[in-house]
Amino acid sequence: MSPEAHSAPRSLAEALRTRDDASLAALLRDRPDLITPVPTDLTQLATRAGTRASVLRALERLDRFALQTAEALAVAPDPASYDTLLGLMAGDAGDEAVAGALPRAVAVLREQALVWGGDDRLRLVRTARELLAPAPQHPSPTGLGPTVQEATSGMSPGRIQEIVTAAGLPSTHDSVSAVTALTGLFGHRRKMAKLLAGAPEPAREVLSRLVWGPPYGQVTADPAAHLRWLLDRGLLLPTAPGTVVLPREVALHLRAGRAHRTPEPRPPAVLPAAAHSPQVVDATAAGQAYTALATVEELLKDWDEGGPAVLRAGGLSVRDLKRTAVALDVSEPVAAFWTELTYAAGLIASDGEADERYAATPAYDEWLEQPPAERWGRLAQAWLTATRTPGLVGGRDAKDRALSALGPGLDRSAAPEVRHRVLSLLAALPQGTAPDAESVLARLHWERPLRGAQRDGADDLRSRLARWTLSEAELLGVTGRGALASQGRALLGTPVPATGPGTPAGAPAGPPVPAGSPKSAGSPKSAGSPEPAGSLEPAAGPGDKLPVHHHRAPERLVPLSPAEQAVATAAAVRLLAPLLPEPLDHVLLQADLTAVAPGPLRRPLADMLDVLADVESKGGATVYRFTPASVRRALDAGQTATDLHAFLTEHSRTPVPQPLAYLIDDVARRHGHLRIGAASAYVRCDDDALLNEILADKRAAALRLRRLAPTVLAAPTDPATLLEGLRAMGYAPAAESAEGDVLITRAHAHRTPPRTAPEPVPDGPPPPDATLLGAAVRAIRAGDLAATAPRKPVGEPLAGGELPRTSSAETLATMQAAVLTGESVWIGYVNAEGAASQRVIAPIRVEGGFVTAYDHTADEVRTYPLHRITGVAELADD
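Numbering of residues starts from 1 in each chain and follows the order in which that chain's sequence is written. Thresholds applied to this predicted model are a pLDDT of at least 70 for local features of residues and 80 or more for the giving and counting of side-chain atom pairs; totals over whole chains, interfaces and linings are not thresholded and use all residues. Side-chain figures throughout are based on the complete set of non-hydrogen atoms in the structure, without hydrogens or water.

A. Layout of the sheet that holds strand β13 (residues 594-597). Read from one edge of the open sheet, four strands run β12-β13-β15-β14, paired in antiparallel fashion. Each of the sheet's edge strands pairs with one partner strand only, and the pair in question is β12 (588-590) and β14 (614-617). The mean angle between the axes of side-by-side strands here comes to 30°, regardless of whether they run parallel or antiparallel. At least two bridges found by DSSP between two strands are what make those strands a pair. Only DSSP runs of H or I covering at least 4 residues are called helices, and only runs of E covering at least 2 are called strands; the numbering of each starts at the N terminus. Bridge count for β13 against strand β15 (residues 622-625) is four bridges, and the pairing is antiparallel. By the bridge assignment, Ala 595 is partnered in β15 with Tyr 624. What counts as an axis is a line fitted to C-alpha atoms, over the stretch in contact for a helix, and the angles between N-to-C directions run from 0 to 180 degrees.

Here it is, written out as structure tokens:
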């Protein structure tokens, strides 16, 4: 036997032992479920890597060609050589693209611990083979059926001999050799072609219908002649009464050796749909960013005194969502997006009261004080990292319950990854280029085919998330006219070109790449390249063989860590800031009782105008209209006519129109002439003629007023109802306190107690950082050393996994001898919780009933009580 055969790994655990620390760390990073909790040794790591849940998760994260490679290994002999795999992938005629991409795909499967062994003995882990191999319950994705050996396992020896004879082969003395001969015939291209040349035309048509799957068909008890011809020669084999299957070897011959009809070694390119000037894209995106801020402010202003009630099951009612959509002048799905975005940013929450309602949080007041670009940055970062999915609002969950905005059931753990990946694909296009949406979906489906195949309605969830990402990014100002804007690139941590048509004047050259971020994975290979770094590319020619453990899989594009994302968001804010319009401190008053704000207004001016006037229209310029009711609202808030005149004169670039001045004076002159108080309610006025007029008015009948004194009327209703009733009649009464002072009414801002933004729901365990990976690899190595170190026998041979047993005297003597010689020993140890473990230690000092030693398992110096050591054994000399 050759030295290579002796050194070939016999299990996945042995294959993992030959890896270096960087390769083990890459495995734990790509499959974080393997590190929770940290395995005690490499055998346990291999066992965990072969569990069904872990393997299925790893398969879901393979790209299409790597998954096709795994599917081909599942129908290949176990083990299979690299040449056999190449034949299944490229077919008899060969395929240069497949041959060029296959080494990288095999490397990916090795790095993911789904395949182990050298190029002469490639083995797919058993669980992956069970998931991907053909079976009657779940056909193989390749469309292949069982082998001749599997299909004939329950067939009588006599029937097998009949098939062998009909196929033109000599009869044998046993079924095993007969099946072997039949398998050899079906796998021999020339002999198989000669056999099929004599097949009737209808029989060849049957084979052509079954060749690409599904390989099963139905036959009657008395099959037709052409079916009988196929059955007699074993080209169709019975699997159950009335059911036949096309053997795998026959199908592979008809397919010219190819396991898949269409191998896809290359990812589909993201195609451009339109090209715009980068300056136009950035300006459009900045305009959308400003609109996004205005929309969120309007939503929160509408809920400032307390928003809609919380449903018993959580979330907004359909009626409240419709009202919000009308208030924002958007469609209901868009209103759901803004509501969910505001919630994800921590700006709204439920107040937790008995009559629970949604309201702004204290963080909203802090957010309002920030510069516009920083406010946008908080919204953009919340959107990019949130697992809340507004697009699901209005749908049904698995239990057929309606999904409501702000309600439960909207978290989708794949959402952040899909958003990041879609924007990364846009970042790989030339600046100013908008992608074709269908090509983006095709690319995503190639990158995650297994998850995409899990259909959820008419379209898979991943595709719907991608469509929502494209539309939401446009609403938020991450993209402009479909192309990724400069602040969108920065938000991903992608460097923005220092010079070029897309760099705004005065803007920084580009965001620094956060430390530890996948620099090569996040930036395009070159300007105009449609392929982002990290896509599968040929690394070797068709005949090249790769080293088993030294070829690294391509680095995957993953969302940034929280610290990295904060740095990227700050860079995006710096790029956006010079593109946003500066707030104005003036308006243009017009003679038709309107005021035009030609841009965003500074906050004190905007807040005062919201009280003094009503918003008539929005857009690039906002139009405010002054009405008697709006002026009275300002007077109720404590303003005087003199204050209003001074305010308008100060903030108007045009003279105050005479009609507006007359309106203010007229409303102010009548404001408070009537006084409303609590009697239940009363009306007080120094002008008894005016009170007589009110009593005579038929419209006052519903108020049931009666005179208490020449200057006082009383009513059996509350002051607020009386106040509104008289205002509806055209009067301008003012409410007064018990002391007779005019009550100043101001909007009561309702806030929730301090709330934190909702935490994203992760897709499995979070990815470990470099510190955790290093510690885990050291712990696994140390535990493996303790588990595999050769030991000298101690008394009776120990059963597998049993701790050594020695007396206290023997333990003490062995420890003292090890201190003198400096050798390591193997101990069994039981901690205070009763958990037993085995360790390799190098004793340093023994005193006071304790041994101080360097623990190779923990990679540190520790002290152990001697009474907790079950036994000790010397390590073998080798």
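Still more ground to cover, so stick around.
B. Main features of helix α33 (residues 688-696). In this scheme, a residue with accessible area under 20% of its type's maximum is buried, one over 50% is exposed, and one in between is partly exposed, where area comes from a 1.4 Å probe on protein chains only. For α33, the full list of buried residues reads Leu 690, Leu 691 and Ile 694. Here the buried residues of α33 occupy an arc of 100° about the axis, which is enough to place them on one side. At its buried positions, α33 is contacted by β17 (681-684), β18 (706-709), β19 (712-715) and α34 (719-728). Identification of polar contacts relies on pairs of N or O atoms within 3.5 Å, with a donor-acceptor requirement for protein atoms, meaning one able to donate a hydrogen and the other able to accept it, and with residues adjacent in sequence counted only if both atoms are side-chain atoms. Here α33 starts with a cap whose side-chain oxygen sits 3.1 Å from the backbone nitrogen of Ala 689, and that cap is Asp 687. Arc, as used here, means the arc of the directions from the helix axis to the C-beta atoms. Contact between two residues is taken to exist if any of their heavy atoms lie within 4.5 Å; hydrogens are not considered.

C. Looking closely at the side chain of Thr 295. Along the polypeptide, Thr 295 turns up in helix α17 (residues 278-302). By relative accessible area, Thr 295 is classed as buried at 12%. Only 2.7 Å separates the side chain of Thr 295 from the backbone oxygen of Thr 291, close enough to count as a polar contact. Not counting chain neighbours up to four residues away, the residues in contact with Thr 295 comprise Leu 328 and Trp 338.

D. Up close: the sheet that holds strand β21 (residues 825-830). Ordered by their spatial adjacency, five strands build an open sheet running β24-β23-β22-β21-β25, and the pairing between neighbours is antiparallel. Edge positions in the sheet fall to β24 (860-865) and β25 (869-874), since each has one partner strand and no second. Direction aside, the axes of adjacent strands within the sheet are offset by 45° on average. As defined by bridge partners, β21 adjoins β25 across five bridges and the pair is classed as antiparallel.

E. Structural context of a negative patch on the surface. A cluster of like negative charges, contributed by Asp 686, Asp 687, Asp 688 and Glu 693, occupies part of the molecular surface. Here Asp 687 shows up in the loop between β17 and α33. The exposure class assigned to Asp 687 is partly exposed, which follows from its relative accessible area of 31%. Within the patch definition used here, like charges are joined within 9 Å and nonpolar side chains (Val, Leu, Ile, Met, Phe, Trp, Tyr) within 5 Å, considering only residues with over 30% relative accessible area and no salt bridge. For every accessible area listed, the method is Shrake-Rupley and the probe measures 1.4 Å; residues are considered covered only by the protein chains on display. Salt bridge criterion: a side-chain nitrogen from Lys or Arg within 4 Å of a carboxyl oxygen from Asp or Glu. Note that His is not counted, nor are the chain ends; the positive residues are Lys and Arg, and the negative ones are Asp and Glu. By convention, charge coordinates are those of NZ in Lys, CZ in Arg, CG in Asp, or CD in Glu.

F. Layout of unusual backbone geometry. With an omega of -5°, the peptide bond running from Thr 36 to Pro 37 counts as cis. Along the chain, Pro 37 turns up in the loop between α3 (21-30) and α4 (42-49). With omega at 0°, the peptide bond leading from Asp 78 into Pro 79 counts as cis. Within the secondary structure, Pro 79 sits in the loop between α6 (64-75) and α7 (82-90). The phi angle at Leu 406 is positive, at roughly 65°, despite the residue not being glycine. Counting through the fold element by element, Leu 406 comes out in the loop between α21 (372-385) and α22 (415-427). Of note, the phi angle at Arg 481 is positive, near 55°, even though the residue is not glycine.

G. Main features of the packing of aromatic side chains. The rule is short: rings of Phe, Tyr and Trp, with Trp giving its six-membered ring, pair when the centres are within 6.5 Å, and they are stacked under 30 degrees, edge-to-face over 60, tilted in between. According to the stated counting rule, one finds four aromatic pairs in the structure shown. Taken together, a centroid distance of 4.9 Å and an interplanar angle of 55° make the contact between Phe 337 and Trp 338 tilted. Residue classification places Phe 337 among the buried residues on the basis of a relative accessible area of 4%. Looking at Trp 338, the relative accessible area reads 3%, which means it is buried.

H. A look at the packing of α6 against α7. Look at α6 against α7: their axes get within 10 Å of each other, and the N-to-C directions meet at 115°. For the pair α6 and α7, the crossing hand works out as right-handed. In this structure, α6 uses Phe 65, Gln 68, Thr 69, Ala 72 and Leu 73 to contact α7, whose residues at the interface are Leu 85, Leu 88 and Met 89. Only Asp, Glu, Lys and Arg are considered charged, only Ala, Val, Leu, Ile, Met, Phe, Trp, Tyr, Cys and Pro nonpolar, and every remaining residue, Gly among them, polar. Considering only residue class, the contact of α6 with α7 consists of six nonpolar, two polar and no charged. Left-handed is the label given to a crossing in which the near helix is rotated counterclockwise from the far helix by less than a right angle, and right-handed is the label when the rotation is clockwise.

I. Representation of the nonpolar core within the structure. One finds Leu 28, Leu 45, Phe 186, Leu 235 and Leu 236 to be the most contacted residues of the largest nonpolar core, which totals 94 residues. Once residues within four sequence positions are removed from consideration, Leu 236 is found in contact with Val 206, Leu 210, Leu 227, Leu 230, Leu 231, Val 244, Val 245, Leu 246 and Pro 247. Counting residues in hydrophobic clusters, the runner-up holds 70 residues, among them Trp 303, Leu 379, Ala 405 and Ala 427. Side-chain atoms within 4.5 Å are what join buried Ala, Val, Leu, Ile, Met, Phe, Trp, Tyr and Cys residues into a set we call a nonpolar core.

J. Spatial organisation of the pairing of β13. Here β13 shows two buried faces, one formed by Thr 594 and Val 596 and the other by Ala 595 and Ala 597. A loop of three residues connects β12 with β13, the two strands running antiparallel in sequence, and Leu 593 in this loop sits at a positive phi of about 65°.

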